[in-house]
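# An overview of the molecular structure
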Amino acid sequence: MSQSSVSLPVAPSGEVRWPFAQLLILAVGLLALFIPTYVSLAGTAWMKDDNGHAPIIIALSFWLLWNDRQKLFAGEAQPAMVSGWLVLMVALAMYVLGRSQGLDTLEALSHVFLLAAGMLMLRGWTLVRMAWFSLFFMLFMVPLPGVLVQAITMPLKVAVSVVAEAVLHLAHYPIGRSGVTLTVGPYQLLVADACSGLNSLFTLESLGLFYMKLMNYQSRARNTLLAVAIVPISFISNVVRVVVLVLVTYHMGDEAGQGFLHGFAGMLLFAVALVLTYMTDRLLASRFDKSEGLKRV
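Note that the structure is a prediction, hence the values are computed from the model and not measured.

### Structural notes on helix α4 (residues 81-101)
The terminal C-alpha atoms of α4 lie 30 Å apart, and with 21 residues this matches the ideal 30 Å at 1.5 Å per residue to within 8%. For α4, the full list of buried residues reads Ser83, Gly84, Val87, Leu88, Ala91, Met94, Tyr95 and Gly98. Along the axis of α4, the buried residues cluster in a sector spanning 130°; they form a single face. Facing away from the buried surface of α4 by more than 90 degrees, the exposed residues are Leu86, Val96 and Gln101.

### Structural notes on the sheet that holds strand β4 (residues 181-184)
Strand order in this open sheet of three strands is β3-β4-β5, and the pairing throughout is antiparallel. The open sheet has two edge strands with one neighbour each: β3 (175-178) and β5 (187-190). Adjacent strand axes in the sheet meet at a mean angle of 25° when their direction is disregarded. Here β4 pairs with β5 via four bridges, running antiparallel. Counterpart to threonine 183 in the pairing with β5 is glutamine 188. Sheet strands in contact with helix α10 (residues 220-252) are β3, β4 and β5, and its direction is about 155° off that of β5.

### Observations concerning the packing of helix α9 (residues 198-215) against α10
In contact at an axis separation of 9 Å, α9 and α10 are set at 145° when each is read in the N-to-C sense. For the pair α9 and α10, the sense of crossing is right-handed. Between α9 and α10, the residues in contact are Ser200, Leu201, Leu204, Glu205, Gly208, Leu209, Tyr211 and Met212 and Asn223, Leu226, Ala227, Ile230, Val231, Ser234 and Asn238, respectively. Of the residues contributing to the contact of α9 with α10, the split by class is nine nonpolar, five polar and one charged.

### Section: the environment of alanine 221
Inspection of the secondary structure assignment puts alanine 221 in helix α10. For alanine 221, a relative accessible area of 40% corresponds to the partly exposed category. Each C-alpha atom, one on alanine 221 and one on leucine 284, is 9.8 Å from the other, the two residues being 63 residues apart in sequence.

### Focus on the packing of helix α8 (residues 146-170) against α10
Interaxial distance between α8 and α10 falls to 9 Å at its minimum, and their mutual angle equals 55°. Considering their axes alone, α8 and α10 lie oblique with respect to each other. By crossing handedness, the relation of α8 to α10 is classed as right-handed. Contacts from Ala159, Val160, Val163, Ala164, Val167 and Leu168 of α8 reach α10 at Phe235, Asn238, Val239, Val242, Val243, Val246 and Leu247. Residues of the contact of α8 with α10, tallied by class, amount to twelve nonpolar, one polar and no charged.

### Some words on the packing of aromatic side chains
Counted according to the given criterion, the structure contains twelve aromatic pairs. A ring pair is formed by tyrosine 173 and tyrosine 250, whose centres lie 5.4 Å apart and whose planes are at 85°; its orientation type is edge-to-face. Here tyrosine 250 lies in helix α10 and tyrosine 173 lies in the loop between α8 and β3, a separation of 77 residues in the sequence. Classification of tyrosine 250 as partly exposed rests on a relative accessible area of 30%. Summarising the aromatic geometry, the rings of tyrosine 211 and tyrosine 217 are spaced 6.4 Å apart at their centres and angled 75° between planes, so their arrangement reads as edge-to-face.

### Looking at the environment of proline 232
Mapped onto the secondary structure, proline 232 falls in helix α10. On the basis of relative accessible area, proline 232 is assigned to the partly exposed category, the value being 42%. Expressed as a C-alpha distance, the spacing of proline 232 and leucine 201, which sit 31 residues apart in the sequence, is 9.0 Å.

### Observations regarding the side chain of serine 110
Its place among the elements puts serine 110 in helix α5 (residues 104-122). According to the relative accessible area criterion, serine 110 is buried, its value standing at 0%. Apart from the residues lying within four places of it in its own chain, the contact partners of serine 110 are Ala91, Met94 and Tyr95.

Reading the values: rules and limits
- Residues numbered from 1 in each chain as written.
- Predicted model: local features only at pLDDT ≥ 70, side-chain atom pairs only at ≥ 80, totals over all residues.
- Heavy atoms only, no water.
- Helix = DSSP H or I, 4+ residues; strand = E, 2+ residues; numbered from the N terminus.
- Expected span 1.5 Å × (residues − 1).
- Buried < 20%, exposed > 50% of the residue type's maximum accessible area, 1.4 Å probe, protein only.
- Arc of directions from axis to C-beta.
- Pairing = 2+ DSSP bridges.
- Axes fitted to C-alpha atoms, helices over the stretch in contact; angles between N-to-C directions.
- Contact = heavy atoms within 4.5 Å.
- Left-handed = near helix turned anticlockwise from the far one by under 90°.
- Nonpolar A, V, L, I, M, F, W, Y, C, P; charged D, E, K, R; others polar.
- Parallel < 35°, antiparallel > 145°, perpendicular 65-115°, else oblique.
- Phe/Tyr/Trp six-rings, centres within 6.5 Å; stacked < 30°, edge-to-face > 60°.

In structure tokens form, the structure reads like this:
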């Protein structure tokens, strides 16, 4: 596979002179494909709890690219045109199929490949490798297929219900469970899909990865352990949320449990998750900071 080599002009001060014409063409092409999708998703998938975090993911992904712009465009450009066109053809096929058939997952996923194709044509594989985190991070904005969501959600709801029942039983509350329905005193509460933890898992995982990117931890072991720890942290946070809602309903009535305090319990979930994530990070720091240290740029 032949690749051309293009040197990016550098000003006497050392600042990169940007290839504005190429960047403008790339930006216009991507926006022409991205905007219709985002408008459609804003009225469908993004209005649900499952994917409400997607616009934030997109904004943070492009912020990361902008923040690293000097590093990404420094040095010699080696456009990989053949690879770029191949990735572009695949991405366009995904986009057309997803948009014409109403497949949000495929249509949104194509955006990651479209952006990668533009990078390959503009600067080559070097740029893709340097921007790999931003591309990977964008995957969190892709809506999961409904079949997969349903397959994961039900076991999670059952698990949250079982643990919440056990916690309240240990606290000597009159709690009972039938499937994902909790009975406390005269009240019955159905553990909804939003309380399964799947939504918060993806949101917290993406925020955890973004946090690690900002902190620039160099240890792969540390990053992996923190990323994996977010899974049980998300589960624990959802159990806390359900327990709080049960207690509010039991002591203050069903109206309080379904009113303002229900939304407050959602904020409590993320507060608990962020505290646990920070505590986990500090525990890891006690091990990795001493043996390897923090290397930041």
